[in-house]
Amino acid sequence: MGQKVHPYGFRLGYNKNWQSRWFSKKEYASFVFEDHNIRTYVKKLLYSAGVAKIEIERFGGRIRLILSTARPGIVIGRKGAEIEKLRADLKKKFGRDFALEVNEIRRPEIEAQLVAENIATQLERRVAFRRAMKRTVQMARKFGAEGIKISCAGRLAGAEIARSEWYRDGRVPLQTLRADIDYGFAEAHTTYGLIGIKAWVYKGEILDNEVNQ
């Protein structure tokens, strides 16, 4: 069996940074669990806004959330109304002070998490899985991805036996450490059951002088 390693974990400290940045000895486990709950809660609230990445920083008793989203207008709202509501909701649920920062994703077509979620949405709308995958691959290549691989697994097209199918276009060098590989995972809740979608997007090589900057 092929043993797979997460593209982020493989490159941590090399050309990828931790998505939770804090230090704790005594409360490590509770902080990890809280980070997971925060991400799940924010993702659920802002699913329509296309949130690709939620980074968490802790300092003192406060938590700083950095949201990378394709539609910052939905997150911020008119005159910042939505972001203030989100801050209040988070404080009420987790009992901590939150500082929120919103970053716009310029090209959501080559953001792996959003690519996976886009396919999941199409499968839930009963679009043929091969068509959805091919169209997404073509779109990513058109918008400048050097390579993309998409894998769907589950009861594809309502088949009795689950299987996995994948498409790849261009280069996706998963074993090359200096390669900038973006990885995303999403689940499509279809009438036949869950279908898991994984996306790998290769955005070129990051060389040492770029990392140091």
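Description of the structure in this document. These figures come from a predicted structure and were not determined experimentally.

## So, the packing of aromatic side chains
The relation between two aromatic rings is expressed through the spacing of the ring centres and the mutual angle of the planes.
So, point 1. By the definition in use, this model includes five aromatic pairs.
So, point 2. Above the plane of the ring of phenylalanine 31 lies arginine 58, whose end atom (NZ or CZ) is 4.1 Å from the centre.

## Section: a nonpolar patch on the surface
So, point 1. Taken together, the side chains of Val5, Phe10, Tyr14 and Leu177 make up a nonpolar region of the molecular surface, amounting to roughly 330 Å² of accessible area.
So, point 2. Locating leucine 177 in the fold gives a position in the loop between strand 6 (163-170) and strand 7 (179-190).

## Comments concerning unusual backbone geometry
So, point 1. Positive phi, normally seen in glycine, also occurs at lysine 79, with a value near 55°.
So, point 2. With respect to the element layout, lysine 79 can be found in the loop between helix 3 (72-76) and helix 4 (81-94).
So, point 3. Residues other than glycine seldom take positive phi values, yet alanine 157 does so here, at roughly 55°.
So, point 4. By the secondary structure assignment, alanine 157 is in the loop between strand 5 (147-154) and strand 6.
So, point 5. Using a relative accessible area of 68% as the deciding quantity, one classes alanine 157 as exposed.

## Considerations on the side chain of threonine 69
So, point 1. Structurally, the position occupied by threonine 69 is in strand 3 (residues 62-69).
So, point 2. If sequence neighbours within four positions are ignored, threonine 69 has contacts with Ala49, Gly50, Val51, Val75, Val102, Asn103, Glu104 and Ile105.

## Looking at helix 6 (residues 129-142)
So, point 1. Under the 1.5 Å per step criterion, the end-to-end length of helix 6 is 20 Å for 14 residues, consistent within 8% with the ideal 20 Å.
So, point 2. Within the sequence span of helix 6, burial applies to Phe129, Ala132, Met133, Thr136, Val137 and Ala140. The arc that holds every buried residue of helix 6, seen down its axis, measures 125°, which confines them to one face. Facing away from the buried side of helix 6, by more than 90 degrees, are the exposed residues Arg131, Gln138 and Lys142.
So, point 3. As for helix 6, its buried residues are in contact with helix 5 (112-124), strand 5 and strand 6.
So, point 4. Just downstream of helix 6, glycine 144 is the residue with a positive phi angle, here 110°.

Conventions adopted
Residues numbered from 1 in each chain as written. Predicted model: local features only at pLDDT ≥ 70, side-chain atom pairs only at ≥ 80, totals over all residues. Heavy atoms only, no water. Phe/Tyr/Trp six-rings, centres within 6.5 Å; stacked < 30°, edge-to-face > 60°. Lys NZ or Arg CZ within 6 Å of the ring centre and 35° of its normal. Patch = residues over 30% accessible without salt bridge, like charges linked within 9 Å, V, L, I, M, F, W, Y side chains within 5 Å. Areas by Shrake-Rupley, 256 points an atom, 1.4 Å probe, with all protein chains shown as cover. Salt bridge = Lys/Arg side-chain N within 4 Å of Asp/Glu carboxyl O. Helix = DSSP H or I, 4+ residues; strand = E, 2+ residues; numbered from the N terminus. Buried < 20%, exposed > 50% of the residue type's maximum accessible area, 1.4 Å probe, protein only. Contact = heavy atoms within 4.5 Å. Expected span 1.5 Å × (residues − 1). Arc of directions from axis to C-beta.

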